[in-house]
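Remarks on the overall topology
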Amino acid sequence: MKKLALITGGTSGLGLACSTKLAQKYDLALAYCNNDEKAEIAKSEIENKYPECRIEIFKKELCSYKTAKELYDSVVDKFLYSPSILINSAGRLRDGLFLNMDFSTQEEMINEHLITAMALSYLCLKNMYKDKFGRIINFSSVSANYFKKGQVGYACVKSGIEGFTKCLALEVAHRGVTINAVAPGLIETPMTQNMVNELRENKLLRKKIPVGRSGKPEEVGELVQYLCSENASYITGSVITIDGGRSLGDNSI
Ligand SMILES: NC(=O)c1ccc[n+]([C@@H]2O[C@H](COP(=O)([O-])OP(=O)(O)OC[C@H]3O[C@@H](n4cnc5c(N)ncnc54)[C@H](OP(=O)(O)O)[C@@H]3O)[C@@H](O)[C@H]2O)c1
């Protein structure tokens, strides 16, 4: 039977790039939050390119164990089996100085990025463990270890994602389940479009990023595709940076 990949945020940016790569081999359950039109376009474009891939889209605002369980149940109801691949990509940036922000924003960020990834892993893992095969990829960021004012909540959730990834990987490695995190730098997606445009206009991309440009979502999709493959069975508990050298720490640029 064909394996199923559940990709949160699978209709936009990095999640969409992962969906497009994984469609070559797996059926897809793509979760999103608000943008129905974008989700329909993502579904039909991938279907046109890979007609043998079954794709279903699921609208669900992920913010708790309860909402993660509702999503998981509707995916299993539709496909009649549990995902073998889980990509936790959903989540938004909410930058602002810690003392200037309402504290509820910090709680929302933790729920949206961290609790959701943990809850979906918990739900999907039971079957992966039984099947002796599974792949979980969590989206971290260079912001987990490379700090900027205004990103306390974001740094906190992404550091949490990395600790979660490593510790859980230890517990399930002996059952053929690998758990890794990908930590992108600046990749051009709807989330970062304004930032990329500004840096480009001011000719700063070349100065701030050693390879001289922002990353492409497909470059991240290819890395995730490899991590999900059988060939990557010896990589687990890793955090793989993909940032054009930005976090190497040359302050002279
Ligand atoms: N782009 C970068 O440079 C970069 C760098 C480092 C880390 N990352 C991380 O990579 C991940 C994806 O980022 P991206 O750039 O691809 O962002 P994006 O283009 O804005 O896509 C985000 C996706 O997540 C969905 N989503 C957001 N909040 C959700 C929620 N509460 N429940 C369910 N779905 C939700 C969105 O659905 P709707 O469109 O329907 O709202 C959309 O499909 C994020 O975790 C981000 O922190 C990105």
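The structure this text deals with has already been given above.
Throughout what follows, the structure given in this document is the object of discussion. Model, not experiment: these values are computed from the prediction. (Residues numbered from 1 in each chain as written. Predicted model: local features only at pLDDT ≥ 70, side-chain atom pairs only at ≥ 80, totals over all residues.)

A count of helical and extended segments in the chain gives eight helices and seven strands. Against the 2.2 N^0.38 benchmark of 18 Å for 253 residues, the chain shows a C-alpha radius of gyration of 18 Å, consistent with a compact globule. Along the longest, intermediate and shortest principal axes, the C-alpha atoms of the chain span 55 × 35 × 35 Å. For the chain, restricting intrachain contacts to residue pairs at least 6 apart in sequence, the fraction spanning at least 24 positions comes to 72%. (Helix = DSSP H or I, 4+ residues; strand = E, 2+ residues; numbered from the N terminus. Rg over C-alpha atoms; globule rule 2.2 N^0.38 Å. Contact = placed C-beta atoms within 7 Å.)

Once that is clear, we can look at the site of the ligand. Near the ligand lie 30 residues; those nearest to it are G9, G13, S141, T189 and M191. Only α1 (13-22) and β2 (27-32) provide two or more residues apiece to the shell around the ligand. Of the residues forming the shell around the ligand, the biggest block, three residues, is contributed by α1. Partitioning the shell around the ligand into residue classes produces 13 nonpolar, 13 polar and four charged. (Near = placed C-beta within 6 Å. Nonpolar A, V, L, I, M, F, W, Y, C, P; charged D, E, K, R; others polar.)

Now for the sheet that holds β2. Sheet architecture is open: seven strands sit in the order β3-β2-β1-β4-β5-β6-β7, paired in parallel fashion. Both outer strands of the open sheet, β3 (55-59) and β7 (239-242), are each paired with one neighbouring strand and no more. The mean angle between the axes of side-by-side strands here comes to 15 degrees, regardless of whether they run parallel or antiparallel. The strands touched by α1 within the sheet are β1 (4-8), β2, β4 (85-88), β5 (134-139) and β6 (177-184), with β1 carrying the most contacts at an inclination of about 170 degrees. (Pairing = 2+ DSSP bridges. Axes fitted to C-alpha atoms, helices over the stretch in contact; angles between N-to-C directions.)

Here we come to the nonpolar core. Within the largest apolar cluster, 58 residues are counted, with the highest numbers of intra-cluster contacts made by A5 and V224. The element contributing the most residues to this core is helix α4 (residues 103-131), with nine residues. Setting aside chain neighbours within four positions, we find V224 in contact with C18, K21, I87, I137 and V182. (Core = buried A, V, L, I, M, F, W, Y, C linked by C-beta atoms within 7 Å. Buried ≥ 20, exposed ≤ 12 C-beta atoms within 10 Å, placed from the backbone.)

A few words now on the packing of α1 against helix α8 (residues 217-228). As a packed pair, α1 and α8 sit with axes 8 Å apart at the nearest point and diverge in direction by 50 degrees. With respect to α8, the axis of α1 lies oblique. Crossing hand, α1 versus α8: right-handed. Judged by residue contacts, G13, L14, L16, A17, C18, T20, K21 and L22 of α1 engage P217, E218, V220, G221, E222, V224, Q225 and C228 from α8. For the contact of α1 with α8, the residue count by class is nine nonpolar, four polar and three charged. (Parallel < 35°, antiparallel > 145°, perpendicular 65-115°, else oblique. Left-handed = near helix turned anticlockwise from the far one by under 90°.)

Quick look at the packing of α4 against helix α5 (residues 152-172) now. Following both chains from N to C, one finds α4 and α5 inclined at 15 degrees, their axes separated by 9 Å at the closest point. The angle between α4 and α5 falls in the class roughly parallel. In terms of crossing hand, the pair formed by α4 and α5 is right-handed. Note on element contacts: α5 touches α4 through G153, Y154, V157, G160, I161, F164, L168 and V172, opposite T105, Q106, M109, I110, H113, L114, A117, M118, S121, L125 and Y129.

In this structure, β2 lies alongside β3, joined through five bridges in parallel fashion. The partner of L30 across the bridge, within β3, is I57.

This brings us to the environment of S247. Within the secondary structure, S247 sits in the segment after β7. Separated by 105 residues in the primary sequence, S247 and V142 have C-alpha atoms spaced 6.8 Å apart.

Another aspect to go through is α4. An ideal rise of 1.5 Å per residue puts 42 Å on 29 residues; α4 measures up with 41 Å between its terminal C-alpha atoms. Along α4, the sharpest kink reaches roughly 35 degrees, centred on L125. Residue K132 follows α4 closely and has a positive phi angle near 60 degrees. (Expected span 1.5 Å × (residues − 1). Bend = angle between axes of the 7 residues up to and from the residue.)

In this model, L80 sits at a positive phi of 70 degrees, which is unusual for a non-glycine residue. Within the fold, L80 resides in the loop between α3 (65-79) and β4. Here K203, not a glycine, exhibits a phi torsion of approximately 55 degrees, which is positive. With respect to the helices and strands, the residue K203 is situated in the loop between α6 (193-201) and α7 (205-208).

Here we come to the environment of L123. With respect to the helices, strands and loops of the structure, L123 is situated in helix α4. Each C-alpha atom, one on L123 and one on K69, is 7.3 Å from the other, the two residues being 54 residues apart in sequence. Residues within four places of L123 in sequence aside, it is in contact with A68, K69 and Y72.

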